[in-house]
Amino acid sequence: MTSAPTSRLGGATTSSSAREARELYELKQQAVKFYQDNLVPQRMEQVLNDMFYENPEDVYGHLAEYFQQFAKPPTVSQVTVGEVTDCRGQPTIQAEIHGVVNNVDKVLCTVTVPTSKWDATVTEEEETEMAESLKVAMEYLAGPITEALSGTEVANQREGDQRVKNFIGKILEDFEEELKAKKAKEEEESPRAPTPKVAPSEKGGKGKKGKGSATSVILPPQPKEELPRGIQAVCAASLALLEAGAQASRHPLYSHVAALRAGEVSSKLRLPLPMVCVYHGGRAGPGKLNCIKELLIMPKPGLPFREAMRMLTNIHNQVGKALAAKSGVSVVISLNGAIQQVHPTAIYMQT
């Protein structure tokens, strides 16, 4: 009576063991296929054999560097944006590119883009407009531009810029249509613009040297270029992607910019022509020198950078002496253009 249950129990155990063995075999086959598809055994064998002869001091660092070349390139996951103030208290966009690097989401770079001109005297209405444009730009970066750049390789600057361009192109088309409609409406409502007035010159009339009355034309002020709100988001997105690409490629920013143009990283780069400000005056300048805002000089193209800077320095010193002797006062001149860091886009244009 007790033999039947024991037999059935033994049969169930045998069936369960066979199923587990079959599942384990299938799992092993899946693992073998997974590693073979990703060439893990071949690469492991190669790096272990080579590392034995190379005998690196940092074994695990050598392994990490070797396998890094087979890792997937970093891709954009998100663009976060915030409002900060620069050194002059102007509102500024701060954009951060988040990317997936080695299966980890991290901040790749942070850039800031000014949204207004420092030297321009703006009215209260213009300040309100700039604040609204800043707000719209932040919304663009956090919303549509993030969606457009999501999944883009940070090293692929052309594709990222094209995606942003496609988004902003629609906004520009709508803005141009609004401007045309606004202009047509103003022409219908307002009368025809009067012809420019001709005012007699104060030096006109008959005299010892008079040759008749001279005339001067009073031209109307030129209208400012109108741009859609939030256009600063384009520069912020492109610059952030450029910085992130340089971080991912482990190259300096200037080298990464040059590689985007040439298609490869070059060991020979050419600095752009230095442009030096030897005098900065404006209203604060003494005498008639207040008519000159600033005086910039550039060397002859083709000169070595060191020789060009030597020539510029000599001219800089001679100009200072001449101005001091002419005006009778000590004139402060600057050489800040020569010591400032060269912007990488200049290398991109000159290389």
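Throughout this description, residue numbers start from 1 for each chain and increase along the sequence as written. A pLDDT threshold of at least 70 governs which residues receive local features in this predicted model, and a stricter bar of 80 or more applies before side-chain atom pairs are shown or counted, although totals over entire chains, interfaces and linings include all residues. Side-chain measures were taken over the full set of non-hydrogen atoms in the model, leaving aside hydrogen atoms and water.

Asks: Tell me about the nonpolar core, residues and numbers included.
Replies: Buried Ala, Val, Leu, Ile, Met, Phe, Trp, Tyr and Cys residues form a nonpolar core when they are joined through side-chain atoms within 4.5 Å. Residue exposure (1.4 Å probe, protein chains only): buried if accessible area is under 20% of the type maximum, exposed if over 50%, otherwise partly exposed. Grouped together as the largest cluster of nonpolar side chains are 29 residues, with contacts concentrated most on Val-76, Ile-97, Tyr-140, Leu-141, Ile-145 and Leu-149. Counting from the N terminus, the helices are DSSP H or I runs at least four residues long and the strands are E runs at least two residues long. At the level of elements, strand 1 (75-85), strand 2 (91-101), strand 3 (104-114), helix 4 (124-142), helix 5 (144-149), helix 6 (157-189) and helix 7 (232-249) are the ones that each hand at least two residues to this core. Contact criterion: two residues are considered in contact whenever any of their non-hydrogen atoms come within 4.5 Å of each other. Other than its neighbours up to four places away in sequence, Ile-97 contacts Val-76, Gln-78, Val-79, Lys-106, Val-107, Leu-108, Cys-109, Ala-240, Leu-241 and Ala-244. Grouped together as the second largest cluster of nonpolar side chains are five residues, Val-276, Val-278, Ile-297 and Leu-312 included.

Asks: So what's going on with helix 2 (residues 40-54)? Residues and values would help.
Replies: With 15 residues, helix 2 extends 21 Å from end C-alpha to end C-alpha; this agrees with the ideal 21 Å at 1.5 Å per step. One or two steps after helix 2, the chain reaches Asn-55, where phi turns positive at roughly 50°. Helix span, expected: 1.5 Å multiplied by one less than the number of residues in the helix.

Asks: Got a sec to walk through the packing of helix 4 against helix 7? Specific residues and values, please.
Replies: Geometry is summarised by axes, namely lines fitted to C-alpha atoms with helices restricted to the contacting stretch, and by angles between N-to-C directions that run from 0 to 180 degrees. At a closest axis distance of 8 Å, the pairing of helix 4 and helix 7 adopts a crossing angle of 45°. Relative to helix 7, the element helix 4 is oriented oblique. Note on packing geometry: the crossing formed by helix 4 with helix 7 is right-handed. Contacts from Ser-133, Ala-137, Tyr-140 and Leu-141 of helix 4 reach helix 7 at Gln-232, Ala-233, Ala-236 and Ala-237. Ten residue types, Ala, Val, Leu, Ile, Met, Phe, Trp, Tyr, Cys and Pro, are classed as nonpolar, four, Asp, Glu, Lys and Arg, as charged, and the remainder, Gly among them, as polar. Looking at the contact of helix 4 with helix 7, its residues break down into six nonpolar, two polar and no charged. Each angle is binned into one of four classes, with values under 35 degrees roughly parallel, values over 145 roughly antiparallel, values of 65 to 115 roughly perpendicular, and all other values oblique. In a left-handed crossing the near helix is turned counterclockwise from the far helix by less than a right angle, and in a right-handed crossing that turn is clockwise.

Asks: Please set out the packing of aromatic side chains residue by residue, giving values where relevant.
Replies: Between 30 and 60 degrees the pair is tilted, below 30 it is stacked and above 60 it is edge-to-face, where a pair is any two Phe, Tyr or Trp rings, Trp via its six-membered ring, whose centres lie within 6.5 Å. On inspection of all chains with the given rule, the structure shows five aromatic pairs. Taking the centre distance of 5.1 Å and the plane angle of 80° together, the rings of Tyr-66 and Phe-67 count as edge-to-face. Accessibility expressed as a relative area gives 13% for Tyr-66, which makes it buried. Ring geometry for Tyr-66 and Phe-70: centres 5.3 Å apart, planes at 70°, overall edge-to-face. Phe-70 gets classed as partly exposed once you look at its relative accessible area, which sits at 37%. Taken together, the aromatic side chains of Tyr-66, Phe-67 and Phe-70 make up a single cluster linked through ring pairs. The ring of Phe-70 carries the charged tip of Arg-43 above its face, separated from the ring centre by 3.9 Å. When the NZ atom of lysine or the CZ atom of arginine is within 6 Å of a ring's centre and also within 35 degrees of its normal, the charge is said to sit over that ring.

Asks: Quick rundown of the layout of surface pockets? Include the residues and the values.
Replies: By volume, the second largest pocket is sized at about 560 Å³. With a 1 Å grid spanning the protein atoms alone, the term cavity applies to any set of points in which a 1.4 Å probe fits but cannot get out, the term pocket to an open set with protein on both sides within 12 Å along at least five of seven lines, and the term lining residue to any residue with an atom within 4 Å of a point. Forming the boundary of the second largest pocket are 25 residues, of which Pro-74, Gln-247, Ala-248, Ser-249 and Arg-250 lie nearest the centre. Looking at the lining of the second largest pocket, the elements that each hand over two or more residues are helix 3 (59-68), strand 3, helix 7 and helix 8 (253-262). Grid points are joined across faces, edges and corners, and a volume is the space filled by probe spheres set on the points.

Asks: Residues and numbers for a nonpolar patch on the surface, please.
Replies: Residues with no salt bridge and a relative accessible area higher than 30% make up the patches, which join like charges within 9 Å and nonpolar side chains (Val, Leu, Ile, Met, Phe, Trp, Tyr) within 5 Å. With residues, only the protein chains shown are counted as cover, and all accessible areas are computed by Shrake-Rupley using a 1.4 Å probe. Salt bridges are defined by distance alone: a side-chain nitrogen of Lys or Arg within 4 Å of a carboxyl oxygen of Asp or Glu. Together, Met-44, Leu-48, Phe-67 and Phe-70 give the surface a local cluster of nonpolar side chains, amounting to about 330 Å² of exposed area. By the secondary structure assignment, Phe-67 is in helix 3.

Asks: If you had to explain the pairing of strand 2 to someone new, which residues and values would you point to?
Replies: Summarising the sheet, strand 1 and strand 2 pair through 10 bridges and their orientation is antiparallel. Bridge pairing in strand 2 places Gly-82 opposite Gln-94. In textbook terms, the turn of a hairpin is the stretch between consecutive antiparallel strands, and for strand 1 and strand 2 this stretch comprises five residues, one of which, Gly-89, has a positive phi near 80°. For two strands to be treated as a pair, DSSP must find no fewer than two bridges joining them.

Asks: An account of the side chain of His-98 is requested, with residue identities and associated values reported.
Replies: You can see His-98 is positioned in strand 2. A distance of 3.2 Å separates a polar atom in the side chain of His-98 from a polar atom in the side chain of Thr-80. Sequence-distant contacts of His-98, defined by excluding residues within four places in its chain, comprise Thr-75, Val-76, Ser-77, Gln-78, Thr-80, Asp-105, Lys-106 and Val-107. For this analysis, a polar contact is any N or O atom pair within 3.5 Å, provided that within protein one partner can donate a hydrogen and the other can accept it, and provided that sequence-adjacent residues contribute only side-chain to side-chain pairs.

Asks: Would you mind going over the pattern of salt bridges in detail, with residue names and values included?
Replies: Pairing is possible between side chains that carry opposite charge, provided their charged atoms lie close to one another. Scanning the entire structure with this criterion turns up five salt bridges. For the salt bridge of Asp-37 with Lys-33, the shortest nitrogen-to-oxygen distance reads 2.9 Å. Here the residue Asp-37 and the residue Lys-33 both occupy positions in helix 1 (residues 3-37), the gap between them amounting to four residues, near one helical turn. Exposure class is identical for Asp-37 and Lys-33. Each is exposed. Two residues, Arg-163 and Glu-159, come together in a salt bridge whose shortest N-O distance is 2.8 Å. Here Arg-163 and its partner Glu-159 are both found in helix 6, four residues apart, which amounts to about one turn of the helix. Relative accessible area serves as the criterion here: at 28%, Arg-163 is assigned to the partly exposed category. Here the salt bridges share partners, and the residues they tie into one network are Glu-129, Glu-132 and Arg-229.

Asks: With reference to specific residues and values, describe a negative patch on the surface.
Replies: Only four residue types enter the tally: Lys and Arg on the positive side, Asp and Glu on the negative side; His and the chain ends are excluded. Where a charge lies is defined by one atom per residue type, namely NZ (Lys), CZ (Arg), CG (Asp) and CD (Glu). On the surface, Glu-173, Asp-174, Glu-176, Glu-177 and Glu-178 cluster together into a patch of negative charge. The residue Glu-178 is located in helix 6 in this model. Judged by its relative accessible area of 54%, Glu-178 falls in the exposed class.

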